[in-house]
Amino acid sequence: MSTPQPSLQTPAPVRRSLLVILPLVTFAVLAGIFFLRLRSGADPAAIPSALIGKPAPAFTLPAMPGLIAQGAPVPGLSRADLLGKVTVVNFWASWCAPCQIEHPQLMRLAREPGVHLVGIDYKDTPENGRRFLTRNGVPFRAVGLDAEGRTGIDFGVYGVPETFIIGPDGIIREKLVGILTPESYAGVLDKIRSIGSAASVPR
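An account of the accompanying structure is given in this report. (Residues numbered from 1 in each chain as written. Predicted model: local features only at pLDDT ≥ 70, side-chain atom pairs only at ≥ 80, totals over all residues. Heavy atoms only, no water.)

**Description of the packing of aromatic side chains**
The geometry of an aromatic ring pair is captured by the separation of the ring centres together with the interplanar angle, meaning the angle of the planes. What counts, and what does not: Note on aromatic pairs: the rings of Phe, Tyr and Trp (six-membered ring only in Trp) are paired at centre separations within 6.5 Å, and the planes decide the class, stacked below 30 degrees, edge-to-face beyond 60, tilted for the rest. For the purposes of this entry, the term helix denotes a DSSP run of H or I that reaches at least four residues, the term strand denotes a run of E that reaches at least two, and both are numbered from the N terminus. With a 1.4 Å probe rolled over the protein chains alone, any residue whose accessible area is under 20% of its type maximum counts as buried; one over 50% counts as exposed, and the rest are partly exposed.
With the rule as written, the count across this model stands at seven aromatic pairs. Considering the side-chain rings of Phe91 and Phe164, the 5.8 Å spacing of their centres and the 70° angle between planes classify their relative orientation as edge-to-face. In this pair, Phe91 is assigned in strand E5 (residues 87-92) and Phe164 in strand E8 (residues 162-166), connecting sequence segments 73 residues apart. For the pair formed by Phe91 and Phe164, the shared burial category is buried.

Here is the structure:
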């Protein structure tokens, strides 16, 4: 007669307790991080990027076929277009629901004096991207097609929408994750203008 072996399985009551406790612990940790960021005065939409303070990656992206704004075709986009002025680069896509919510604020931003706003259509088809902009308006001075998402990878994009503020020297100054909202609009505009003011000061 064999000796019964001790069970290695976790008792059912313990498993149930773990299922209840683990999500609560995870939530508490995430909430603590968010609270600390708020206490520190950090912008919850601003995520540190290894590229901040470094040159924008090299890229050349084709234009969106058939996209017209103010009676003229909207050009494509390359890194050379980011030089000489403060440029706001917005990664977006037609399949992105938050991009639909953000779009009215981009249209508003495009009307601000001195703001140079360009877009990169991320992992999208030209047809869907063109329909999106034709329906909602074209806020961008140029639109590059990043169909494979390689430029997004080079910029360190986690998911759209994401926005970068590039200095006139081609250096990435800010990275904003998430949608531009009416509440965050003034702060973002201040960042754009402060970068432009700093760049215009003689050295």
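Continuing now.
**Remarks on the side chain of Gln105**
Selection rule: Note on definitions: a residue-residue contact is assigned when non-hydrogen atoms from the two residues lie within 4.5 Å.
The topology assignment puts Gln105 in helix H2 (residues 97-110). The residues contacting Gln105, other than those within four sequence positions of it, are Leu180, Thr181, Pro182 and Tyr185.

**Overview of the state of the cysteines**
Throughout this description, disulfide means a covalent bond between two cysteine sulfur atoms. Counted only if it meets this: The disulfide definition used here is simple: a pair of cysteine sulfur atoms within 2.5 Å.
Scanning all chains against the criterion turns up one disulfide. Note on cysteine connectivity: Cys96 is disulfide-linked to Cys99, with sulfurs 2.4 Å apart. Disulfide Cys96 to Cys99: torsion about the S-S bond roughly 85°, handedness right-handed.

Keep in mind these values describe shape, not function.
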